[in-house]
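Architecture at a glance
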Amino acid sequence: MGAAFIGALTGLAVFSLTQVTSRSLFVITGGVAGAAAVLAVQWYQRTARLTEVKVTVPQLSELTFTVNNDSRQVAWQLFVETVTRVSTQPLASDQGVIREALGSMYGLFATTRETLKASRPSAAVPSGQTVEYLAITMLNQALRPYLSHWHPRLQEFEREHPDGQESAWSQNAACRAAMREVQRDLYDYAIGFARLAGVREAEALIGVVPAPRSPEGGPVSGPRPPTGGATRTRG
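Residues numbered from 1 in each chain as written. Predicted model: local features only at pLDDT ≥ 70, side-chain atom pairs only at ≥ 80, totals over all residues. Heavy atoms only, no water.

**Points about the pattern of salt bridges**
This is how it is decided: By salt bridge we mean one thing: a side-chain nitrogen of Lys or Arg within 4 Å of a carboxyl oxygen of Asp or Glu. Secondary structure counts use DSSP, requiring at least four H or I residues in a row for a helix and at least two E residues in a row for a strand, with both numbered from the N terminus. Each residue is assigned to one of three classes by its accessible area relative to the maximum for its type, calculated with a 1.4 Å probe on protein chains only: buried under 20%, partly exposed between the two thresholds, exposed over 50%.
Counting across every chain of the model gives 5 salt bridges. One salt bridge in this structure joins glutamate 158 and arginine 99, with 2.7 Å as the shortest N-O distance. Note that glutamate 158 is positioned in helix α5 (residues 131-160) and arginine 99 in helix α4 (residues 98-118), a separation of 59 residues in sequence. For arginine 99, a relative accessible area of 28% puts it in the partly exposed group. Linking arginine 184 and aspartate 188 is a salt bridge whose minimum nitrogen-to-oxygen distance equals 2.9 Å. With arginine 184 and aspartate 188 both in helix α6 (residues 172-197) and 4 residues apart, the pair spans about one turn of that helix.

Below, the structure written as structure tokens:
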């Protein structure tokens, strides 16, 4: 019934237009053409100049992403947010404050979510993933598991020892070790965002690179300087 009603209205509109002559016909025709032009421009801005980029996603594999101008801007914002936080900087076993790093990770989680909510969804393209997929995977696969596991444990220690030092926390070393793994993943996500945004020499912008994982899965001790072959992504 709805389709029949819409069809009837469309037929009535077409019939009415055929009865219009002279100046009114030009006004109506111009209005329709203008609306069609605006819709065409919007469609072009969202889907034109699509670029395919291959990115290695932590915990998954190398995937093909499809980006346009809008998604490049979102990727750039997420790249900046990821690499300018304490949470992505190496934290030596005898330096830094775990509470501060956890707070930074919570901030990254919230900012990433707000950035995605404020931006328009990427145009659906069957041939590749979108920047939203990379961002949400970072939240759900890297940040959420770490925060949900370690934040309650640190809170419990702080409640029981309000004046105690983090160094006295029995799980301090384990929490820091797990954090290094997350930082390694966040670095890879940052490189992924950089590739989607078209950032050149992203490794040099980030600076210190987290230690690579050992063959057994754990990180190699100590940070290392940035090098041209530091990433696991490729074009």
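Structure shown, so let's carry the discussion forward.
**A short note on a nonpolar patch on the surface**
Our working rule: Patch membership is restricted to residues that have no salt bridge and whose relative accessible area is over 30%. Joining uses 9 Å for like charges and 5 Å for the nonpolar side chains Val, Leu, Ile, Met, Phe, Trp and Tyr. We get accessible surface area from the Shrake-Rupley algorithm with a probe of 1.4 Å; when it comes to residues, only the shown protein chains can shield them.
Together, Phe5, Ile6 and Leu9 make up an exposed nonpolar region whose accessible area comes to about 330 Å². Tracing the sequence through the fold places leucine 9 in helix α1 (residues 2-19).

**Concerning helix α3 (residues 69-83)**
Counted only if it meets this: Under the convention used throughout, the expected extent of a helix is 1.5 Å for every residue step, that is, one less than its residue count. Contacts are assigned to residue pairs that have any heavy atoms within 4.5 Å of one another. In protein, a polar contact requires one atom able to donate a hydrogen and another able to accept it; more generally it is a pair of N or O atoms within 3.5 Å, and residues adjacent in sequence count only if both atoms are side-chain atoms.
Helix length check: α3 (15 residues) gives 21 Å between terminal C-alpha atoms against 21 Å at 1.5 Å per residue, within 8%. Among the structural elements, β2 (62-67), α4, α5, α6 and α7 (202-206) are those in contact with the buried residues of α3. You can read the cap of α3 off the contacts: a side-chain oxygen lies 3.3 Å from the backbone nitrogen of aspartate 70, and it is on asparagine 68.

**Points about α5**
Convention followed: Bend, at a single residue, is the angle you get between axes fitted to the 7 residues ending at that residue and the 7 residues starting at it.
Taking 1.5 Å of rise per residue, the 30 residues of α5 would be expected to cover 44 Å, and the 42 Å separating its terminal C-alpha atoms lies within 8% of that figure. Along α5, the sharpest kink reaches roughly 40°, centred on leucine 143 and followed within four residues by the proline proline 145.

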